[in-house]
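Here is what each chain is made of, one letter per residue.
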Amino acid sequence: MPLFRGRQPEASIWRRFRSGLDSFTFVEDEGYFTAHVVATAERVADLLHALTEELAPAVDVVIEDLRSGRVWRGERLALPDVRETLARLKIPLATYAGVEVAVYTGEDQLTLTPELELYLYARTDRWLYLLLGKGLVESDRVSGHAWRLRPEDLDPAPELSDVLARASDQLGLSEV
């Protein structure tokens, strides 16, 4: 029995799922290491939350909502508070996309893109081993999308906007 019974899946459905293994690339360039992770939307949002556990006790955060154009920023936030907020954001982020979240220190940066891909930047190669430990497969290239979301590509998501506004308030982020 076909999954979609002869009709084409809606864009919101195909954007949430990827085929193949959860994989990542890992490169070094002039002393900086970059990992690019591609997996299902839910897995990437979960990885962002899980990997923040490896950051320093105080982090900086930037959240950008492509739909509204709003950007929030906070510095030297307590990591447990940021992780708690990210745990609450996992489902809305994976469901709606269109939000960039960056959590960083002077040594590391984790960025969830609006297209639900995860990038990790660091001064050491430690993320390689952490990603392998999470069951991801290193490869020469990942099967990510070459497209980039624009605000007009996104359906309205008032629920997401509300969740982002509450999260920024709870963390004490400033709108920029």
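Rules of the game
- Residues numbered from 1 in each chain as written.
- Predicted model: local features only at pLDDT ≥ 70, side-chain atom pairs only at ≥ 80, totals over all residues.
- Heavy atoms only, no water.
- Axes fitted to C-alpha atoms, helices over the stretch in contact; angles between N-to-C directions.
- Helix = DSSP H or I, 4+ residues; strand = E, 2+ residues; numbered from the N terminus.
- Parallel < 35°, antiparallel > 145°, perpendicular 65-115°, else oblique.
- Contact = heavy atoms within 4.5 Å.
- Nonpolar A, V, L, I, M, F, W, Y, C, P; charged D, E, K, R; others polar.
- Phe/Tyr/Trp six-rings, centres within 6.5 Å; stacked < 30°, edge-to-face > 60°.
- Buried < 20%, exposed > 50% of the residue type's maximum accessible area, 1.4 Å probe, protein only.
- Lys NZ or Arg CZ within 6 Å of the ring centre and 35° of its normal.
- Salt bridge = Lys/Arg side-chain N within 4 Å of Asp/Glu carboxyl O.

Draft legend 1. Geometry of the packing of helix H3 (residues 79-96) against helix H5 (residues 158-171). At their nearest, the axes of H3 and H5 sit 10 Å apart, and the two run at 170° to each other. Between H3 and H5, the interaxial angle falls into the category roughly antiparallel. On H5, the residues that touch Asp81, Val82, Thr85, Arg88, Leu89, Pro92, Leu93 and Tyr96 of H3 are Glu159, Leu160, Val163, Leu164, Ala167, Gln170 and Leu171. Per-class residue counts for the contact of H3 with H5 are 10 nonpolar, two polar and three charged.

Draft legend 2. Up close: the packing of aromatic side chains. Taken as a whole, this structure holds two aromatic pairs when the rule is applied. Aromatic pair Phe26 and Phe33: ring centres 5.8 Å apart, planes at 25°, arrangement stacked. Residues Phe26 and Phe33 agree in their burial class; the two are buried. With centroids separated by 6.2 Å and ring planes inclined at 10°, the aromatic side chains of Tyr119 and Tyr121 adopt a geometry described as stacked. Using a relative accessible area of 17% as the deciding quantity, one classes Tyr119 as buried. Residue placement shows Arg126 over the ring face of Trp127; its charged tip is 4.5 Å from the ring centre.

Draft legend 3. Spotlight on the pattern of salt bridges. Summed over the entire model, instances satisfying the criterion amount to seven salt bridges. The partner of Arg70 in a salt bridge is Glu175, with the nearest N and O atoms 2.9 Å apart. Highlighted residues: Arg70 in strand S4 (residues 70-78) and Glu175 in strand S9 (residues 174-175), separated in sequence by 105 residues. Under the relative-accessibility criterion, Arg70 is labelled partly exposed at 32%.

In short, the description is geometric, and any link to function would need to be established separately.
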